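What the coordinates show
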Amino acid sequence: MAFTPTPYDVLVIGAGHAGCEAALAAARMGCRVLLLAIDLDKLAAMPCSPSIGGMAKGQLVKEIDALGGEMAKITDRTAIQYRTLNTKKGPAVHSSRTQNDKQRYHMAMKARVESQPGLDLKQALVERLVVEGGRVVGAEDHTGFGYPARAVVLAAGTFLSGLVHIGHRSIRVSLPPTACRPT
């Protein structure tokens, strides 16, 4: 297995909403970060519903925003409709939700990630976590190339145990039961 010559403090696997926020937060803390995405053209993609907010996700977005995250800022820049849900109920269950332009959201988040100092972005399909001495010390992609790091954040989102389509090829992405256990 070949390893990247660049040692990273944090390796983030998955570039959806959570992966982008994790990578940005670590880089802002001064860490050298590598964010790996299966497809750079799908970074922070909104596959089905282009909505941000609602009862559960809305609370998370507000917490991320309070901690300095990007999701709410980019949501505000790319929203095409704003709505308050549950207005016929009490104020405790009111929640905001936006519908967003999927392409503009993706492009804005990608631009933000690419401009963050200390954060590198690479396209790779991670196939296994590298465990040494009972500790995850990196990951290996489908070509056998390795990415060592002091910390690994797995933000695989909907692609964990999912089916990934690349052109005419479909790949089942799932972790075996022992993937995260020491070997």
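Above this note sits the structure.
Overview of the structure.

1. Notes on the overall build of the protein
Summing up its helical and strand segments, the protein has four helices and twelve strands in all. Taking the contacts inside the protein whose residues are at least 6 apart along the sequence as the reference set, 60% of them involve residues at least 24 apart. Here the protein has roughly 10,400 Å² of accessible surface; of this, 56% comes from carbon and sulfur atoms.

2. Some points on the packing of helix H3 (residues 71-78) against helix H4 (residues 102-115)
A pair of packed helices can be characterised by two numbers: the angle between their axes and the separation between those axes. Following both chains from N to C, one finds H3 and H4 inclined at 140°, their axes separated by 9 Å at the closest point. With respect to their mutual orientation, H3 and H4 come out oblique. Pair H3 / H4 crosses with right-handed handedness. Contacts from Met-71, Ile-74, Thr-75, Arg-77 and Thr-78 of H3 reach H4 at Arg-104, Tyr-105, Ala-108, Met-109 and Arg-112.

3. Some details on the environment of Val-113
By secondary structure assignment, the location of Val-113 is in helix H4. Owing to a relative accessible area of 0%, Val-113 belongs among the buried residues under this scheme. When the C-alpha positions of Val-113 and Glu-21 are compared, they lie 9.0 Å apart, and in sequence the two are 92 residues distant. Not counting chain neighbours up to four residues away, the residues in contact with Val-113 comprise Cys-20, Leu-24, Leu-35, Leu-119 and Leu-121.

So, how was this worked out
- Residues numbered from 1 in each chain as written.
- Predicted model: local features only at pLDDT ≥ 70, side-chain atom pairs only at ≥ 80, totals over all residues.
- Heavy atoms only, no water.
- Helix = DSSP H or I, 4+ residues; strand = E, 2+ residues; numbered from the N terminus.
- Contact = heavy atoms within 4.5 Å.
- Areas by Shrake-Rupley, 256 points an atom, 1.4 Å probe, with all protein chains shown as cover.
- Axes fitted to C-alpha atoms, helices over the stretch in contact; angles between N-to-C directions.
- Parallel < 35°, antiparallel > 145°, perpendicular 65-115°, else oblique.
- Left-handed = near helix turned anticlockwise from the far one by under 90°.
- Buried < 20%, exposed > 50% of the residue type's maximum accessible area, 1.4 Å probe, protein only.

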